[in-house]
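Here's the letter readout for the chains.
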Amino acid sequence: MIITRDDILEVLKKIATKIEENREYITDLDSATGDGDHWANMNMGFKKIVDEIDNLKVLEIPELIKKVGMLLMSTIGGSSGVLYGTAFIRASQVIAGKSELDKNDISRMMEAGLEGIMTRGKAKPGDKTMIDTLFPASNAFKAAIESDLNLHEAANVSKEAGYNGMLSTKDMSATKGRAFYQANKGLGHIDPGAVTLYYMIEVFSDYIVNK
Ligand code: ADP
Ligand code: MG
């Protein structure tokens, strides 16, 4: 199975809807662990992507993904704008010249996005951030394709690993980001960025599975 530009546009629209629908949940999580703006930041960013769909749909896949990263970076004020922006831009760099994507491309994009976030934010797994979703999800995806699972299966395995990673942030104390400055370091609350990153993996995986 191959991923086309139309697939990517559909996934981006579905991510925007998923974020839009979870206003209260994400706002509550960021109010408990940060300053309460993570939902508003992400919603603004993905609304902008949807507004720009007509301009995005004429671009080749790498340029499209890069543009998404640049739009997120310029639209979102918080740290998540820089981090998600960097992730999409770095992911676009490992698929230069491609007009369709396969499972190997997806794996390399996840890895590059993860590396971008880690380099930019200087956080690592266990620090109670979005990394705690993406790190296990990316590793699981890679391991799945290395054992010859297909895209559909790898997406499912990756989604499950990302879900568990997201949940694991509940019992972590933050060492980076605003949650670090909370009296309890966010302990007992899932990290909001780990949830929005999971939404992206979930939406992608469900799209692939239903395609
Ligand atoms: P801000 O923290 O500037 O208010 P947001 O509320 O939009 O920005 O984003 C908060 C999320 O960003 C956190 O839940 C966390 O997942 C993620 N985050 C914050 N700092 C880092 C970092 N250094 N590395 C990775 N992710 C981070
Ligand atoms: Mg915030």
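Our subject is the structure that appears above.
Residues numbered from 1 in each chain as written. Chains lettered and ligands numbered in written order. Predicted model: local features only at pLDDT ≥ 70, side-chain atom pairs only at ≥ 80, totals over all residues. Heavy atoms only, no water.

Student: Could you give me a rundown of the site of ligand 1, with the residues and numbers involved?
Tutor: The local shell around ligand 1 holds 22 residues, among which Asn 41, Ser 79, Ser 80, Arg 178 and Asp 191 are the closest. Measuring from an oxygen atom of ligand 1, one finds a side-chain N or O atom of His 38 at 2.9 Å. In isolation ligand 1 exposes 560 Å². Once the protein is present, 93% of that is buried. Looking at the shell around ligand 1, the elements with two or more residues in it are α3 (38–51), α6 (79–93), α7 (103–121) and α10 (192–210). Looking at side-chain class alone, the shell around ligand 1 contains 7 nonpolar, 9 polar and 6 charged residues. (Near = heavy atom within 4 Å. Polar contact = N/O pair within 3.5 Å; in protein donor to acceptor, adjacent residues only side chain to side chain. Areas by Shrake-Rupley, 256 points an atom, 1.4 Å probe, with all protein chains shown as cover. Helix = DSSP H or I, 4+ residues; strand = E, 2+ residues; numbered from the N terminus. Nonpolar A, V, L, I, M, F, W, Y, C, P; charged D, E, K, R; others polar.)

Student: So what's going on with the side chain of Ser 205? Which residues, and what values?
Tutor: In this structure, Ser 205 sits in helix α10. Beyond its immediate sequence surroundings of up to four residues, Ser 205 is in contact with Ala 155, Asn 156 and Lys 159. (Contact = heavy atoms within 4.5 Å.)

Student: Can you explain the coordination of the magnesium ion (ligand 2)? Please cite residues and give values.
Tutor: Ideal coordination angles are 109.5 degrees for a metal with four donors arranged tetrahedrally and 90 or 180 degrees for a metal with six donors arranged octahedrally. Every protein donor of the magnesium ion (ligand 2) is accounted for by Asp 30 (OD), Asp 35 (OD) and Asp 37 (OD), and the metal-donor separations fall at 2.0 to 2.5 Å. Classification of Asp 37 by relative accessible area gives partly exposed; the value is 26%. (Donors = N, O, S within 2.8 Å, 3.2 Å for Na, K, Ca; no water. Buried < 20%, exposed > 50% of the residue type's maximum accessible area, 1.4 Å probe, protein only.)

Student: I'd love a proper account of unusual backbone geometry, names of residues and values included.
Tutor: Here Lys 128, not a glycine, exhibits a phi torsion of approximately 70°, which is positive. Within the fold, Lys 128 resides in the loop between α7 and α8 (131–146). Residue classification places Lys 128 among the buried positions, given a relative accessible area of 1%. Despite not being glycine, Asp 148 shows a phi value in the positive range, around 70°. Of note, Asp 148 is situated in the loop between α8 and α9 (151–168).

Student: I'd like a description of the nonpolar core, backed by residues and values.
Tutor: Formed by 59 residues in total, the largest nonpolar core has its most connected members in Phe 46 and Ile 106. Broken down by element, this core gets its largest block of residues, 11 residues, from α10. Those residues in contact with Phe 46, other than ones at most four positions away along the chain, are Leu 12, Ile 15, Ala 16, Ile 19, Leu 72 and Met 200. (Core = buried A, V, L, I, M, F, W, Y, C linked by side-chain atoms within 4.5 Å.)

Student: Account for the pattern of salt bridges, with residues named and values stated.
Tutor: As enumerated under the stated definition, the model contains 12 salt bridges in all. Across the salt bridge formed by Lys 98 and Asp 105, the nearest N and O atoms sit 3.0 Å from each other. Note that Lys 124 is salt-bridged to Asp 127, the shortest N-O span being 3.4 Å. Note on Asp 127: relative accessible area 3%, which makes it buried. (Salt bridge = Lys/Arg side-chain N within 4 Å of Asp/Glu carboxyl O.)

Student: Any chance you could break down the environment of Thr 175 for me, citing the residues and the numbers?
Tutor: Mapped onto the elements of the fold, Thr 175 is located in the loop between α9 and α10. The class for Thr 175 is partly exposed, based on a relative accessible area of 38%. Counting along the chain gives 10 residues from Thr 175 to Lys 185, while the straight-line C-alpha distance between them is 7.6 Å. Thr 175 has contacts with Asp 127 and Phe 180, leaving out every residue within four places of it along the chain.

Student: So what's going on with the side chain of Asp 7? Which residues, and what values?
Tutor: Note that Asp 7 resides in helix α1 (residues 5–21). Assessed through its relative accessible area of 7%, Asp 7 is described here as buried. Excluding its chain neighbours within four sequence positions, the residues that come into contact with Asp 7 are Ile 2, Tyr 207 and Lys 211.

Student: Could you give me a rundown of helix α5 (residues 61–75), with the residues and numbers involved?
Tutor: In this model α5 runs 21 Å from its N-terminal to its C-terminal C-alpha over 15 residues, within 8% of the 21 Å that 1.5 Å per residue would give. Taken together, the buried positions of α5 are occupied by Ile 61, Pro 62, Leu 64, Ile 65, Val 68, Gly 69, Leu 71, Leu 72 and Thr 75. Residues of α5 that are buried sit in contact with α1, α3, α4 (53–56), α6 and α7. (Expected span 1.5 Å × (residues − 1).)

Student: An account of the environment of Leu 64 is requested, with residue identities and associated values reported.
Tutor: For Leu 64, the location among the structural elements is in helix α5. Counting along the chain gives 24 residues from Leu 64 to Phe 88, while the straight-line C-alpha distance between them is 9.6 Å. Those residues in contact with Leu 64 that sit more than four places away from it in its chain are Arg 5, Ile 8, Leu 9, Leu 12, Leu 56 and Leu 59.

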